[in-house]
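One letter stands for each residue in the lines below.
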Amino acid sequence: MTKTAREMFAAIDVGAIVGDDTLIDAHSRFQSLADDLDSESAGSHAYRSLSAVAGMMLDGADWDSPYTPLMSLGGKRTALPDDLDNEALEFFGLLLEEVPPSVLAARMCDILLVRESDRGRRFSLAKQHTEIVAALSLLPDPDDQFMQMWIRAAEIAGRYRLNDGVQALTARALEAFRGGKPIVAWHVAQAMRRARYFNGHSAEIADRLDALASAELPAHAKVQLLEESIRWRRDNDADALAAPSREAIGDTWWQEAKRRSDSSLVARNFLGNAYSSYREVPRHLRSERTRKRVKKLPRLIRVAGERAIGEMQKVRSGPIDLSPIVEQAEAIANDTDLIRGLARWFSAAPLQTFEDALQSSNQTGLLNIVPSSTISDDARKVHSTDEDRLRSGVDPSRWAQMVKNHSLHVAAISTAHIRPAVMQFSTNYRLDIRDFEVIVSASGFVPADRKSLYARGLHHGYYGRVTESLFILAPTIEACVRGALQASGVETRNLKTNDTEMEPGLSALMELPEANEVLGEDLAWNIRALFCGPTGPNLRNRVAHGLLDEAESRGDVALYAWWMAFLLAFTPYYYAIRDEERSSNEDQADSSP
């Protein structure tokens, strides 16, 4: 039996409604209160409605669909605004008249705004929501949903031209930006930029971000602050004002590379980051030190890359039953430490090496000698080995067989190792887009201007939206490869006879003689086998030209592409954990009798 709004209001303790640190805490508390009451009682209905509202996930920048479910599994999901009945909405309206400003009050007001159709009433709710959020301090350490609430309020105030609300929200944000820790200042600056709240504060924000980056902070934190500072340089002389910040980013990566003399692979990534940062400074604005380093870095990068080859390890195993792999993957995903669990997951199934691919093709005998053709799903002949040329010194027929064997490897790994584990990981650990942005921020493989997009692709794949992930990551990985080549001093553009310059696609980039040297032979092989050439999945071209059907776009190959992209972003964390474990083992050995 439906309970009226006033019955629900009378059945609860209004004074105990607010006070939770986060909306997730409120969601759990209200659910527990509802479970303690008779399921048909007005109090149970009231607390379940509050739990539903507190549990919705907000994306403040999405005006069309700002709320998503807290959980979605097996065709079921938690509540969305449209699931609430009219009695629940009226109940929220009664509560708003009694409770003080809080994140829960802001959430209830916003839900009423989303559901309201009357223009006059929507304006009143928009004004009320802005006032509630403006009354809340962002200090000392706002969580993601709090920042999303502020962004949402900023969007509402801007759309409804609530000038007083805009000023109040700006004042609150600046209060946190000026008085908060570096991480708070960074989050607030991002939020204000997303909300387009510049209003004469650009120079102040950029200068403070630069000042914060000059303190003793981890390298990645410094780089994040400096990159955000550059985005806030908006005057005509923005390039000149941003030049010191870009050089500071290069200096940070330079120092990190010197510090990581224990790992040439990590040092090479940092040197590449430094080179990219220095080159972003316009030539006429470069300091003498930067000009010298730009000249030196290509050689240093190549030397570090050569040394990194000796650090690589190969893992080989014979044919095995897939069921133990599934069990192992699920066990890894249940690790109580997420980062260590991910490291174990990636190390348990490393990328196929080029040498292993060559060995696998030896088992096919005469198939490597006989010319073969590749036929597409719609019966088109898309490739013939007797028309092809050597690739990485391998004859066309053998290369085609290597790519086919790689596809079998991809299918097995996706089925037994990736799919079971990612389902378990996403069940155990609810990561949001900011978590992936943090992971990607440490990657030297991903250019600075692609990190957010790359993180979004990883976020989609983590929650099973493999199609969306693939259509973001396939072109973005091409940009990463181009950036890596350019960071190593490789000229990627083609100059035509009419003096116009063209950027070649991924397949052409991977045919450059420097590709193996810059990326490493094994990574270059996996990118070619997965993304390039008509003999394999050819994901780059098939995505770009709309040739993938629905099943393929969310199948094993697409999932493997997401997993490989995640692995490439996670590499710095993997080596940090490996080094930590190695140091711990050495300490234990030294302390043993």
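Residues numbered from 1 in each chain as written. Predicted model: local features only at pLDDT ≥ 70, side-chain atom pairs only at ≥ 80, totals over all residues. Heavy atoms only, no water.

**Q** Can you break down the overall build of the protein residue by residue, with the values?
**A** Within the protein, the regular secondary structure consists of 27 helices and eight strands. Out of the 593 residues belonging to the protein, those deemed buried represent 50%. Long-range pairs, those at least 24 residues apart, make up 68% of the contacts in the protein between residues at least 6 apart in sequence. Carbon and sulfur atoms provide 50% of the accessible area of the protein, an area that totals close to 28,600 Å². (Helix = DSSP H or I, 4+ residues; strand = E, 2+ residues; numbered from the N terminus. Buried < 20%, exposed > 50% of the residue type's maximum accessible area, 1.4 Å probe, protein only. Contact = heavy atoms within 4.5 Å. Areas by Shrake-Rupley, 256 points an atom, 1.4 Å probe, with all protein chains shown as cover.)

**Q** Go over the side chain of Thr 130 with me, naming the residues and quoting the values.
**A** Within the secondary structure, Thr 130 is located in helix α6 (residues 119–134). Within the structure, Thr 130 has its side chain in polar contact with the backbone oxygen of Ala 126 (distance 2.9 Å). (Polar contact = N/O pair within 3.5 Å; in protein donor to acceptor, adjacent residues only side chain to side chain.)

**Q** Give me the lowdown on helix α12 (residues 238–259), citing residues and values where you can.
**A** With 22 residues, α12 ought to run about 32 Å at 1.5 Å a step, and its terminal C-alpha atoms sit 32 Å apart, in line with that. Residue Pro 244 marks the point of greatest curvature in α12, where the axis turns by about 30 degrees. (Expected span 1.5 Å × (residues − 1). Bend = angle between axes of the 7 residues up to and from the residue.)

**Q** Please set out helix α13 (residues 264–279) residue by residue, giving values where relevant.
**A** Taking 1.5 Å of rise per residue, the 16 residues of α13 would be expected to cover 22 Å, and the 22 Å separating its terminal C-alpha atoms lies within 8% of that figure. Counted residue by residue, α13 has 13 buried out of 16 residues, so it is predominantly covered.

**Q** How would you explain the pattern of salt bridges if you had to name every residue and give the values?
**A** Close approach of charged atoms allows side chains with opposite charge to pair. In total, this model carries 32 salt bridges according to the counting rule given. The salt bridge involving Asp 207 is made with Arg 233; its shortest N-O contact spans 2.9 Å. Taken together, the positions of Asp 207 in helix α10 (residues 202–213) and Arg 233 in the loop between α11 (219–231) and α12 put the pair 26 residues apart, joining distant regions of the chain. In this structure Asp 207 comes out as partly exposed when scored by relative accessible area, which is 43%. Using a relative accessible area of 13% as the deciding quantity, one classes Arg 233 as buried. The partner of Arg 291 in a salt bridge is Glu 288, and the shortest N-O contact between them spans 2.9 Å. Placement of both Arg 291 and Glu 288 in helix α14 (residues 288–309) is noted, with a separation of three residues, approximately one turn of the helix. Residue classification places Arg 291 among the partly exposed positions, given a relative accessible area of 37%. Connected through salt bridges with shared partners, the residues Glu 478, Arg 482, Glu 491, Arg 493, Glu 503 and Arg 540 form a single ionic network. (Salt bridge = Lys/Arg side-chain N within 4 Å of Asp/Glu carboxyl O.)

**Q** Lay out a positive patch on the surface in plain terms, naming residues and giving numbers.
**A** Judged by side-chain charge, Lys 258, Lys 292, Lys 296 and Arg 299 come together as a positively charged surface patch. Summarising the element assignment, Lys 296 is placed in helix α14. (Patch = residues over 30% accessible without salt bridge, like charges linked within 9 Å, V, L, I, M, F, W, Y side chains within 5 Å. Lys, Arg positive; Asp, Glu negative; His and termini not counted. Charge placed at Lys NZ, Arg CZ, Asp CG, Glu CD.)

**Q** Go over the environment of Gly 165 with me, naming the residues and quoting the values.
**A** Note that Gly 165 resides in helix α8 (residues 163–179). A sequence separation of 31 residues divides Gly 165 from Ala 134, and the C-alpha atoms of the two residues are 7.2 Å apart. Setting aside chain neighbours within four positions, we find Gly 165 in contact with Thr 130 and Ala 157.

**Q** Which residues make up the packing of helix α17 (residues 354–362) against helix α18 (residues 396–428), and what are the values?
**A** The angle between the axes and the distance between the axes are what describe a pair of packed helices. Running from N to C, α17 and α18 point in directions that differ by 105 degrees, and their axes come no closer than 9 Å. As judged from the angle between their axes, α17 and α18 are roughly perpendicular. Across the interface between the two elements, Phe 354, Ala 357, Leu 358, Ser 360, Ser 361 and Asn 362 from α17 touch Arg 398, Trp 399, Met 402 and Asn 405 from α18. A class-by-class count of the residues in the contact of α17 with α18 yields five nonpolar, four polar and one charged. (Axes fitted to C-alpha atoms, helices over the stretch in contact; angles between N-to-C directions. Parallel < 35°, antiparallel > 145°, perpendicular 65-115°, else oblique. Nonpolar A, V, L, I, M, F, W, Y, C, P; charged D, E, K, R; others polar.)

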